[in-house]
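Summary of the model geometry
These are the residues of each chain, in order.
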Amino acid sequence: MSDEEHHFESKADAGASKTYPQQAGTIRKNGYIVIKNRPCKVVEVSTSKTGKHGHAKCHFVGIDIFTAKKLEDIVPSSHNCDVPHVNRTDYQLIDISEDGFVSLLTENGNTKDDLRLPTDENLLTQIKDGFAEGKDLVVTVMSAMGEEQICALKDIGPK
């Protein structure tokens, strides 16, 4: 055994996967699934009976959680599908910059400045109006597969 220390240069993340496998037959409506490399919320699932030779198939209709596009996929029910790890985190809104980025306060007191304002018009006007009125706003950020987006807003009262 040598006494010298080994130094590893860390150039990657912890290696946590962005998705996990789940059998297609066990994925239900309102769950999440990856269709065409996009994280989607399942809005419809239908299962076809097995043919003469072969597997029962699951037909998934999903809405992309970031772009709201409708995607479809058909997978044999015995096969595994990728399911994205979807996290929701609440942050307090500190500032909105002119170029469309928001400044958020994290739980540990740091700021997070790499998020854009949402593209959803309704949510966008609620955030801008509430901020202009000087309200204390808390935004909910949904993250999956390395993407993040503001998906909800809470008003916690005046400053």
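The rules behind the values
- Residues numbered from 1 in each chain as written.
- Predicted model: local features only at pLDDT ≥ 70, side-chain atom pairs only at ≥ 80, totals over all residues.
- Heavy atoms only, no water.
- UniProt positions renumbered as here; feature names shortened; annotations may be inferred.
- Helix = DSSP H or I, 4+ residues; strand = E, 2+ residues; numbered from the N terminus.
- Buried < 20%, exposed > 50% of the residue type's maximum accessible area, 1.4 Å probe, protein only.
- Contact = heavy atoms within 4.5 Å.
- Core = buried A, V, L, I, M, F, W, Y, C linked by side-chain atoms within 4.5 Å.
- Pairing = 2+ DSSP bridges.
- Axes fitted to C-alpha atoms, helices over the stretch in contact; angles between N-to-C directions.
- Salt bridge = Lys/Arg side-chain N within 4 Å of Asp/Glu carboxyl O.

Going by the annotation in an unreviewed UniProt entry, the name recorded for the protein chain is Eukaryotic translation initiation factor 5A, with Herrania umbratica given as the source organism. Per UniProt, the protein chain has the following entry under Sequence similarities (unreviewed entry): "Belongs to the eIF-5A family."

It is worth spelling out the overall build of the protein chain at this point. When helices and strands are counted, the protein chain shows one helix and eleven strands. Listing each helix as α and each strand as β along the protein chain from the N terminus yields β-β-β-β-β-β-β-β-β-α-β-β. Within the protein chain, buried positions represent 32% of all 159 residues. Of all intrachain contacts in the protein chain linking residues separated by at least 6 positions in sequence, the fraction that spans at least 24 positions is 47%.

Grouped together as the largest cluster of nonpolar side chains are 14 residues, with contacts concentrated most on L93, V102, L104, I127, V139, V141 and I150. Look past the residues within four positions of V102 in its chain and what remains in contact with it is L93, D95, I96, K112, D113, L115, L117 and I150. Counting residues in hydrophobic clusters, the runner-up holds twelve residues, among them I33, F60, V75 and V83.

Turning next to the pairing of strand β3 (residues 38-48). As paired strands, strand β2 (residues 32-35) and β3 are joined by four bridges and run antiparallel to one another. Bridge assignment links Y32 to a residue of β3, and that residue is K41. Here eight bridges tie β3 to strand β4 (residues 57-64), and the two strands are oriented antiparallel to one another. Within β4, the residue paired with V45 across the bridge is F60.

Moving on, we get to the sheet that holds strand β5 (residues 70-76). Read from one edge of the open sheet, four strands run β2-β3-β4-β5, paired in antiparallel fashion. A strand with exactly one partner marks an edge of an open sheet, and here the two such strands are β2 and β5. When the angles between neighbouring strand axes are averaged without regard to direction, this sheet yields 45°.

As enumerated under the stated definition, the model contains six salt bridges in all. For the salt bridge of E147 with R38, the shortest nitrogen-to-oxygen distance reads 2.6 Å. Pair noted here: E147 is in strand β11 (residues 147-158) and R38 is in strand β3, with a separation of 109 residues, a long-range link. A residue is classified by how much of its surface remains accessible, and E147, at 28% relative accessible area, is partly exposed. Given a relative accessible area of 22%, R38 falls into the partly exposed group. Where K112 meets D114, a salt bridge forms, and the shortest distance between an N and an O atom there is 3.2 Å. What emerges from the salt-bridge pattern is a single network uniting R38, D64 and E147.

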